[in-house]
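# Survey of secondary and tertiary structure
Read off the chains here:
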Amino acid sequence: MRTSSFFSKASGFLRSHASSSKLLVLLSLSSAGSFVAYSDSQAETSTPNLDLAQKDPKKKRIVVLGTGWAGTSFLKDLDISSCDVQVVSPRNYFAFTPLLPSVTCGTVEARSIVEPVRNIVKKRNGEIRFWEAECLKIDAANNRVMCRSNIENLVGNREFSLEYDYLVVAVGAQVNTFNTPGVKENCYFLKEVEDAQKIRAGVIDCFEKAVLPGLSEEERRTNLHFVIVGGGPTGVEFAAELHDFFQEDLVKLYPMVKDLVKITMVQSGDHILNMFDERISSFAERKFQRDGIEVLTGCRVLDVSEKAITMKNKAKGETSSVPHGLVVWSTGVGPRPLVRDFMEQIGQEDISAIFKAADKDNSGTLTVKEFQDVIEDIVIRYPQVDLYLKSKHLMDVTDLLRDPEGRERDEVDIEGFKLALSHVDSQMKSLPATAQVAAQQGAYLSHCFNRMEQCAENPEGPRRFRSTGRHAFRPFQYKHFGQFAPLGGEQAAAELPGDWVSMGHSTQWLWYSVYASKQVSWRTRVLVVSDWTRRFIFGRDSSRI
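This one's a predicted model, so the numbers in the text were calculated from it and none came from an experiment. (Residues numbered from 1 in each chain as written. Predicted model: local features only at pLDDT ≥ 70, side-chain atom pairs only at ≥ 80, totals over all residues. Heavy atoms only, no water.)

## Overview of the pairing of strand S9 (residues 144-148)
Here five bridges tie strand S8 (residues 134-139) to S9, and the two strands are oriented antiparallel to one another. The partner of glutamate 134 across the bridge, within S9, is arginine 148. Remark: four residues form the turn of the hairpin made by S8 and S9, two consecutive strands paired antiparallel; asparagine 143 in that turn has positive phi of roughly 50°. Looking at chain direction, S9 and strand S10 (residues 159-163) are connected through five bridges and run antiparallel. Across the sheet, methionine 146 pairs through a bridge with serine 161, a residue of S10. (Pairing = 2+ DSSP bridges. Helix = DSSP H or I, 4+ residues; strand = E, 2+ residues; numbered from the N terminus.)

Listed below in structure tokens is the structure:
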């Protein structure tokens, strides 16, 4: 089945490397984001390149790439009594990324939302070791990862490799620029802690430059025009934070330019927060209109230069160029080169194996009875099939085999089967690239590791279509607990399970309590709450440091 899920991309690798290893991909995140997988090496492996690589030769070696939401969640819940765990990441901390917009304006300090990885490791009695380095390449055929330290000014070799029995890939995603000219050179991003700190300094720079003597009013207006590209949760929250920062703090420090500040949000869709309930989207647009934040919907950015941003109104076909002081690009994420390379190594599965497994009489066609015999396993392994059936209110799985005109068919050939299941994929969206999804994926994977021996004896997953037997584990199932959208002015919107929607000041206090409780440690919890308290009493800090 053609699917964006990393499950399907593993099967080709399974077939070509069956004698050396078994690769079971457990879950994937978003259309291009981070994913978590493990590879169980059955081959004899050579001694790792690092002398410190393995404490106990009897223990299985687990290498974890990344210290984000998925990686940290995996480490916290993993039973490490029977495994030797090594963690590789270019950042020696975990960051509570939902609060990055708050860092951009000093509502919360950067150090308040990060927890050193070694603090997390220390709680496991030193049984997890951490290497601050970047993984450059995964050699899936030989169960090896090549890494390089980003520390350049000290003696010693920067490059090393690690061998593994199990590999957990949780490196996250990178900003998707859609190859728009000038974005990488002239835009700020909001993906990492360093990005938030750069934006904070950039905002202050815009105000300091605007109040210098000798500038014309037009130059001051240009310097104080802040453009946010992308109307998703991150872009909306940053726009709200920036507006509050100006209205509550900067207007007192820069009164001479208080009438020249402008915030513009550019969204390619028809509405901002279009992944939320329509009531929330409308509420956010009305609030931004009251706050003076300009929202340009139906616009696609064509080019970003050092001094102007060029966009096209999709409805009217008109192109315009708008001068700017600072542009924040927040339009989504894409795969990292490491992930793309790994996926190419593993290969792409088509539906031939599923069709062959179902076609018991080798007739070249699939009857309704043969399809019913495998559909249960298809639904378990590919949850999007079940979601599609429910969303289309289809009463029977055999409705998938209807022809393009909707007529029932007694049997279908491989091309018709491929068309039916490919249509399911094209209609279903991938999981959102959020912290909530990644954290659940990491916890799910650690649960699988903790039950590995039990599930090896009694597999609970769907049947294998390319070989005999069943998968050890059932695929990951995401459980949505709701989502928030802070809108500034001590107001927020929330969409919770059960079609429960809340907006206003009370929802903002719910946001405070949830985000405080979700901190990874009591240290960061206390720091974040103290930052919120400090902001209420003293305001935000406008120092450029």
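And the narrative resumes.
## Some words on the pattern of salt bridges
Following the criterion strictly, the structure yields 22 salt bridges and no others. One salt bridge in this structure joins lysine 137 and aspartate 341, with 3.1 Å as the shortest N-O distance. Taken together, the residues span a long stretch of sequence, with lysine 137 in strand S8 and aspartate 341 in helix H10 (residues 337-346) at a distance of 204 residues. Of the residues examined, lysine 137 reaches a relative accessible area of 35% and is grouped as partly exposed. Residue aspartate 205 pairs with arginine 544 through a salt bridge whose shortest N-O separation is 2.5 Å. With aspartate 205 in helix H6 (residues 193-210) and arginine 544 in the segment after helix H18 (522-538), the pair connects residues that are 339 residues apart, well separated along the chain. Members of the salt-bridge network, linked through shared partners, are Glu248, Asp249, Glu490, Arg535 and Arg540. (Salt bridge = Lys/Arg side-chain N within 4 Å of Asp/Glu carboxyl O. Buried < 20%, exposed > 50% of the residue type's maximum accessible area, 1.4 Å probe, protein only.)

## Examining the packing of helix H2 (residues 69-77) against helix H15 (residues 435-450)
Look at H2 against H15: their axes get within 7 Å of each other, and the N-to-C directions meet at 35°. Both H2 and H15 take part in a crossing whose hand is right-handed. Along its contact with H2, which presents Trp69, Ala70, Ser73, Phe74 and Asp77, the element H15 presents Ala435, Ala438, Ala439, Gly442, Ala443, Leu445, Ser446, Phe449 and Asn450. Of the residues in the contact of H2 with H15, the class split is nine nonpolar, four polar and one charged. (Axes fitted to C-alpha atoms, helices over the stretch in contact; angles between N-to-C directions. Left-handed = near helix turned anticlockwise from the far one by under 90°. Contact = heavy atoms within 4.5 Å. Nonpolar A, V, L, I, M, F, W, Y, C, P; charged D, E, K, R; others polar.)

## Details of the nonpolar core
Grouped burial of nonpolar side chains is what soluble globular proteins tend to show. Grouped together as the largest cluster of nonpolar side chains are 68 residues, with contacts concentrated most on Ile113, Val203, Phe207, Phe226 and Trp532. Other than its neighbours up to four places away in sequence, phenylalanine 226 contacts Val203, Cys206, Phe207, Leu242, Val261, Lys262, Ile263, Thr264 and Leu326. One finds Val117, Ile128, Tyr166 and Val168 within the second-largest nonpolar core, a separate group that totals 24 residues. (Core = buried A, V, L, I, M, F, W, Y, C linked by side-chain atoms within 4.5 Å.)

## Overview of the sheet that holds strand S15 (residues 262-267)
Spatial ordering of the open sheet is given by S13-S20-S14-S15-S16, a layout of five strands whose pairing is parallel. Across the chains shown, the open sheet's two edge strands, defined by having one partner strand only, are strand S13 (188-189) and strand S16 (294-297). Here two bridges tie S13 to strand S20 (residues 326-329), and the two strands are oriented parallel to one another. The residue bridging tyrosine 188 from the neighbouring strand is valine 328, located in S20.

## Side note on empty space enclosed by the protein
The method is simple in principle: a probe with the dimensions of a water molecule rolls over the atoms, and the space it marks as empty is what remains. Counted according to the given criterion, the structure contains three cavities of 30 Å³ or more. Its boundaries defined by the atoms lining it, the largest cavity holds a volume of some 130 Å³. Lining the largest cavity are 17 residues, with Glu241, Asp244, Glu490, Gln508 and Tyr512 sitting closest to its centre. Elements with a minimum of two residues in the lining of the largest cavity: helix H8 (233-253), strand S24 (483-488), helix H17 (505-517) and H18. (1 Å grid on protein atoms, 1.4 Å probe; cavity = no way out; pocket = protein on both sides within 12 Å on 5 of 7 lines; lining within 4 Å. Points joined across faces, edges and corners; volume = space filled by probe spheres on them.)

## Here we look at H15
The end-to-end C-alpha distance of H15, which contains 16 residues, comes to 23 Å, matching closely the 22 Å that a straight helix rising 1.5 Å per residue would cover. For H15, a buried count of twelve out of 16 residues is recorded, marking the element as mostly surrounded by other parts of the structure. For H15, the full list of buried residues reads Ala435, Val437, Ala438, Ala439, Gln440, Gln441, Gly442, Tyr444, Leu445, Ser446, Cys448 and Phe449. (Expected span 1.5 Å × (residues − 1).)

## Details of the packing of H6 against H8
Contact geometry for H6 and H8: axes closest at 13 Å, N-to-C directions at 45°. It follows that H6 is oblique to H8 by the angle criterion. Of the two elements, H6 crosses H8, and the hand of that crossing is right-handed. For the pair H6 and H8, contact is made by Ile199, Val203, Ile204 and Phe207 and by Phe238, Leu242, Phe245, Phe246 and Leu250, respectively. Residue composition of the contact of H6 with H8, grouped by class: nine nonpolar, no polar and no charged. (Parallel < 35°, antiparallel > 145°, perpendicular 65-115°, else oblique.)

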